[in-house]
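As a plain string of letters, each chain reads:
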Amino acid sequence: TTSTTTSTTSDTVCATIETPTRKLTRVAQVQSSTGLQGSITLSQDQEDPQAETSVWVDLQQLPGAAHPVISTARWQIQSLPAVYTDYTSSDLPTCPPWTDPAPGLHPETCSPDSPASCSPRDLTSKLGPLVWNGSNTALLANFLDLNLPLSGPQAVQFPVLVLQLWTNATTSSGVLCVPLVPRQARQAEARFALATPAATAAAAASAPTASAQGFITFEQYSPAHPTLVRVHLTGLDQRVGSYRILTLPLPATQVHGPQPSCAAAAAQAGPVFDPYQQAACDVASTPDRCPVGSLSTRHGSFFGLDTADLVYEDSNLPLFGAASIVGRALVLEAV
């Protein structure tokens, strides 16, 4: 997807947040009669099967006497008949009995500290079992797996996530099979390639026009995960202060070609994006206490910098749902 940019002759720089794709992602969407529901997501660089694979676990046990309370689960990836990929998890055929994965290259040293010695399919040995603590029915966890290719000749064909559920150390409550369905990680990008003027007429008379260019990208794997933000901007001329997301998109003419005034377009895009109606906040506030669009308020401004290169996570910057930032205006403002 091509990201569009705009130009300006004011102290406001605008771009539109748009969506490219770069990750290979598979998701097991769990909805079981055992009362277990949620998702397990695997994601890896789609161009590099040797890269680390991120594993996110977001599982919830439903309350009720009809559901056994699960304490632990062993987990693995198996290549089961293709029929499993044609069903939803609530509609699957009966799961085959649990069988331990084939040993890896060096089973005697296989452990979370030595994942290359394990079978790529053996998640329990590489990452440890899934464990619910005490009365907490929610399990949120994330892992990095250095031996779990999602593409290439070593990747599992027709991959199905298999969970062996345990209510205690000696009692199993069954085996659950859920297909790992391909899904693109959601990404968005705002790209700048334009000129920003001096802050005042006097400064403009004594200094050349600076050029702000680069990009800000956003990446989120599911609504339950934080958004990873990457910033690479040059030519800031030590004057760019706030950067924020506005409520509305830029006007269509501003998106598709250079315009004389980004400030006027930004004014049309409305105030800072604040779908949850949060009060003003500062860098000491937690992200959920700030308007979604107030990026520099909670992550710091670029003032005093010529170049900005940084990476951070934000738990209040959704790329999914009605509060998604995709399609809205992103502005840089000189001070």
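The numbering scheme is per chain: residues are counted from 1 as the chain's sequence reads. In keeping with the model being predicted, local features are shown solely for residues with a pLDDT of at least 70 and side-chain atom pairs are shown and tallied solely at 80 or more, while totals for entire chains, interfaces and linings include all residues. Side-chain metrics in this entry use all non-hydrogen atoms of the structure; hydrogen atoms and water are not considered.

## Concerning the overall build of the chain
Cut-off, in case you're wondering: Numbering goes from the N terminus for both helices and strands, where a helix is a DSSP run of H or I of at least four residues and a strand is a run of E of at least two. Note on exposure labels: buried denotes an accessible area under 20% of the residue type's maximum, exposed denotes more than 50%, and partly exposed covers the range between, all computed with a 1.4 Å probe on protein chains only. By definition in these notes, contact holds between two residues if any of their heavy atoms fall within 4.5 Å. All accessibility values rest on the Shrake-Rupley procedure with a 1.4 Å probe; residue burial counts only the protein chains present in the view.
In terms of regular secondary structure, the chain is built from five helices and 16 strands. Out of the 335 residues belonging to the chain, those deemed buried represent 46%. Taking as baseline every contact in the chain between residues at least 6 positions apart, the subset at least 24 positions apart corresponds to 66%. Roughly 15700 Å² of accessible area belongs to the chain as shown, and the carbon and sulfur atoms make up 55% of that amount.

## Regarding the packing of aromatic side chains
Put simply, the rule reads: Aromatic contacts are taken between Phe, Tyr and Trp rings whose centres are within 6.5 Å, Trp giving its six-membered ring; a plane angle under 30 degrees counts as stacked, one over 60 as edge-to-face, and the others as tilted. Only Lys NZ and Arg CZ are tested; either one counts as a charge over a ring when it is within 6 Å of the ring centre and within 35 degrees of the ring normal.
Within this structure, the stated rule accounts for two aromatic pairs. Judged by centre distance (5.8 Å) and plane angle (55°), the ring pair of Trp75 and Phe143 falls under tilted. Pair noted here: Trp75 is in strand E5 (residues 72-79) and Phe143 is in strand E7 (residues 138-145), with a separation of 68 residues, a long-range link. Residues Tyr243 and Phe302 carry aromatic rings whose centres are separated by 4.4 Å and whose planes lie at 10° to one another, so their mutual orientation is stacked. A residue pair is termed long-range when its members are at least 10 positions apart, and Tyr243 in strand E14 (residues 240-245) and Phe302 in the loop between helix H5 (295-299) and strand E15 (308-314) qualify at 59 residues. Of the residues examined, Tyr243 reaches a relative accessible area of 0% and is grouped as buried. A cation sits over an aromatic face here: Arg328 above Phe273, 3.8 Å from the ring centre.

## Observations concerning the state of the cysteines
Here is the rule: Any two cysteine sulfur atoms within 2.5 Å of one another count as a disulfide.
Going through the model one piece at a time under the given rule, you end up with two disulfides. In this model, Cys110 is linked to Cys118 through a disulfide, with the two sulfur atoms separated by 2.0 Å. Linking Cys110 and Cys118, the disulfide has an S-S dihedral of approximately 105° and is accordingly described as right-handed. For Cys281, the disulfide goes to Cys290, at an S-S distance of 2.0 Å. Judged by the sign of its S-S torsion, about 120°, the bond between Cys281 and Cys290 is right-handed. The same class applies to Cys281 and to Cys290, which are both buried.

## A look at the environment of Glu189
Quick reminder of the rule: We call two N or O atoms a polar contact when they sit within 3.5 Å, provided that within protein one can donate a hydrogen and the other can accept it, with sequence-adjacent residues counted only if both atoms are side-chain atoms.
Relative to the helices and strands, Glu189 resides in strand E11 (residues 186-196). By relative accessible area, Glu189 is classed as buried at 8%. Sequence separation between Glu189 and Val231 is 42 residues; the distance between their C-alpha atoms is 10.0 Å. Side-chain polar atoms of Glu189 contact the side chain of Arg191, separated by 3.1 Å.

## Focus on the sheet that holds strand E6 (residues 130-131)
Going by this rule: By this definition, two strands are paired if DSSP reports at least two bridges between them.
Within the open sheet, the four strands sit side by side as E6-E5-E8-E9. Their pairing is antiparallel. For this open sheet the edge positions go to E6 and strand E9 (172-179), each flanked by a neighbour on one side alone. Of the pairings in the sheet, the one linking E5 to E6 comprises two bridges and is antiparallel in character. Within E6, the residue paired with Ala73 across the bridge is Leu130.

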